[in-house]
Amino acid sequence: MTPSLLQKIADIRAKAPATRRAILDLILEDPDRVLEESFEFLAERSRSSVPTIMRTCRDLGFAGLREFKLALAQELALGGSPLHRRVNIEDTADEVVSKIARSAAASVAGVRNQLDMAVLDRAVAAIVAAPHVDLYGAGATSWFMANDLQARLFRLGISANAWADYHLQQVAGAAQRPGGVVIAITHVGGMPSLLDAVDIARAQGSKVIAITRPGTPLAAKADFLIALSVPDDAVMHVGIDAYLTHLTVIEILTVLVAQRCGEPAMQRLQRAREAFQRHGIDATKFPLQSWDGGGVVSGRTGDVEDAP
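Here the residue numbers are simple positions, counted from 1 along each chain's written sequence. Only residues with pLDDT of at least 70 are given local features in this predicted model, and only at 80 or more are side-chain atom pairs given and counted; all residues enter the totals for whole chains, interfaces and linings. The basis for every side-chain value is the complete set of non-hydrogen atoms in the structure, without hydrogens or water.

**Considering the pattern of salt bridges**
Now for step 1: Any carboxyl oxygen of Asp or Glu that lies within 4 Å of a side-chain nitrogen of Lys or Arg is treated as forming a salt bridge with it. By the definition in use, this model includes seven salt bridges.
Now for step 2: In this structure, Asp-148 and Arg-152 form a salt bridge, with 2.8 Å as the shortest nitrogen-oxygen distance. With Asp-148 and Arg-152 both in helix H10 (residues 140-155), this residue pair falls four residues apart, about one helical turn.
Now for step 3: Remark: exposure states derive from per-residue accessible area (1.4 Å probe, protein chains only) relative to the maximum for the residue type, with buried under 20%, exposed over 50%, and partly exposed in between. Take Arg-152: its relative accessible area is 25%, and that puts it in the partly exposed class.
Now for step 4: For Arg-152, the salt bridge goes to Glu-251, with nearest N and O atoms at 2.6 Å. Each helix is a run of H or I in the DSSP string that is no shorter than four residues. Each strand is a run of E no shorter than two, and both are numbered from the N terminus.

See the structure below:
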C-alpha cells in the first residue's frame, strides 16, 4: 500500500536538515494552514527561505509548492469526513464557520498561482476580436457560470449567447465562423455532447476557450486552456471549490475584457447602472405582489390590500 503524503513527510522528517525539518513540522502541525499560505509567508513562519521550501518540495517528489499543495489538498479531501473535507462531525458551529471560510478563501487565493498569464491574455484578445461568442455549460452549475459570463460580456457590447441544451450547443457550433469564440465551462470536462459541440465549432474555424481541469478531454481540445485544479468535494463531485474558482476566473475575464474594450465598454456599463437606478425594482417604492394574487402587500405586516 502506498504511504500517505503526510506519512511520507513524517518519515523523512527525522533525516532532514534542521531548516527543512522546521518546514515539515509546520506542514504536519497544520496542513490546512499551509494550503492557504504563499511561498514567502511559509518561509517566514519556518524561518527559512523560498529556495529551501522549493528544495523541501522536491525532496517529497514535487516540482514546486503548487504541485505539493494540490497533492496535499487531494489527500485532505479524501481523508475528510462526509460532511466537508475540513469539518468533523463533532466540530462546534464556530469551528465549522471558521474551517469552511478558510477553505473558501484558500480556493480563491489559489487561482492566481494556477493561471497562465500568457494564455489568459490571448484568450481575452480572442474574445474582444470575435464577431460572436458562444458559451457552453455542461450541467446545472456550469450552465449557471456560462449564463453569468454571457450577461457580463453582453453588457460590455460583445455579441454573446449561452446555450444549455446539448442539441442547441451543437447547432450553435455549426453556426460559428472563423474568428468566433466558444467558451466551454465544465469542471468534469468529459461530457460527450459538449465535446461534440466543441468539435463542430472548431471545424467552422472557431477558437475554443476551456475553463476546466487540466488533463480532461475538453482541455485537450482547447485553443486556450484556463486550467483549474481543485480537490474533490466530500459531498458532491462538483463542490464549492469548483464554484468559487470558476466564478473568480469569470470575474477576472470580465475585467480584462472590459479593459481591452476601453472607453466604449465603460460607457455601456455606466448607462446600464443608471438604467437600473432609474427603473430597477425597489421594494421601498414599488409594493410587492402577494403570492395568492389577492392584491399587493402593504407595509411590513404582510397585510394584503386590493389592487387598484
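**A word on the packing of aromatic side chains**
Now for step 1: Working definition: rings of Phe, Tyr and Trp (its six-membered ring) pair if their centres are within 6.5 Å, and the pair is stacked with planes under 30 degrees apart, edge-to-face with planes over 60 apart, and tilted otherwise. Overall, the coordinates contain one aromatic pair when judged by the stated rule.
Now for step 2: Measuring from centroid to centroid gives 5.7 Å for Phe-62 and Phe-68, while their planes differ by 70°, and the two rings are edge-to-face.
Now for step 3: Taking the relative accessible area as the measure of exposure, Phe-62 reaches 18% and is therefore buried.
Now for step 4: Judged by relative accessible area, Phe-68 falls into the buried class, the value being 1%.

**Here's the deal with the confidence of the model for the chain**
Now for step 1: Averaged over every residue, the pLDDT of the chain is 82; residues scoring 70 or more account for 82%.
Now for step 2: Confidence scores here are pLDDT values: one per residue, from the predictor, ranging 0 to 100. The contact definition used throughout considers only heavy atoms, calling two residues in contact when any of these lie within 4.5 Å. Across residues 299-308 the pLDDT falls below 50, and counting only partners more than four positions away or on other chains, this stretch makes 14 contacts in the model.

**Let's talk about the nonpolar core**
Now for step 1: What is meant by a nonpolar core is a set of buried Ala, Val, Leu, Ile, Met, Phe, Trp, Tyr and Cys residues, joined one to another through side-chain atoms within 4.5 Å. Of all hydrophobic cores here, the largest spans 33 residues; its most connected members are Ile-127, Val-133, Leu-153, Ile-183 and Leu-253.
Now for step 2: Where this core is concerned, the elements lending two or more residues are helix H9 (117-129), strand E1 (133-137), H10, strand E2 (160-163), strand E3 (181-185), strand E4 (207-212), strand E5 (224-227) and helix H14 (240-261).
Now for step 3: Of the residues forming this core, the biggest block, six residues, is contributed by H9.
Now for step 4: Discounting residues that sit within four places of it in the chain, Leu-253 has contacts with Leu-120, Val-124, Ile-127, Leu-149, Ile-211 and Ile-226.
Now for step 5: The next biggest cluster of nonpolar side chains, apart from the first, holds 19 residues, and it includes Ile-23, Ala-43, Phe-68 and Ala-73.

**Quick look at helix H7 (residues 93-109)**
Now for step 1: Expected span of a helix, by definition, is 1.5 Å for each gap between consecutive residues, and there is one gap fewer than residues. Across its 17 residues, H7 extends 24 Å between first and last C-alpha, which sits within 8% of the 24 Å expected from 1.5 Å per residue.
Now for step 2: Of all the residues in H7, the buried ones are Ser-103, Ala-104, Ala-106 and Ser-107. Seen from one end, H7 has its buried residues packed into an arc of 160°, which puts them on one side. Facing away from the buried side of H7 by more than 90 degrees, the exposed set consists of Asp-94 and Val-97. The arc in question is the one spanned by the directions pointing from the helix axis to the C-beta atoms.

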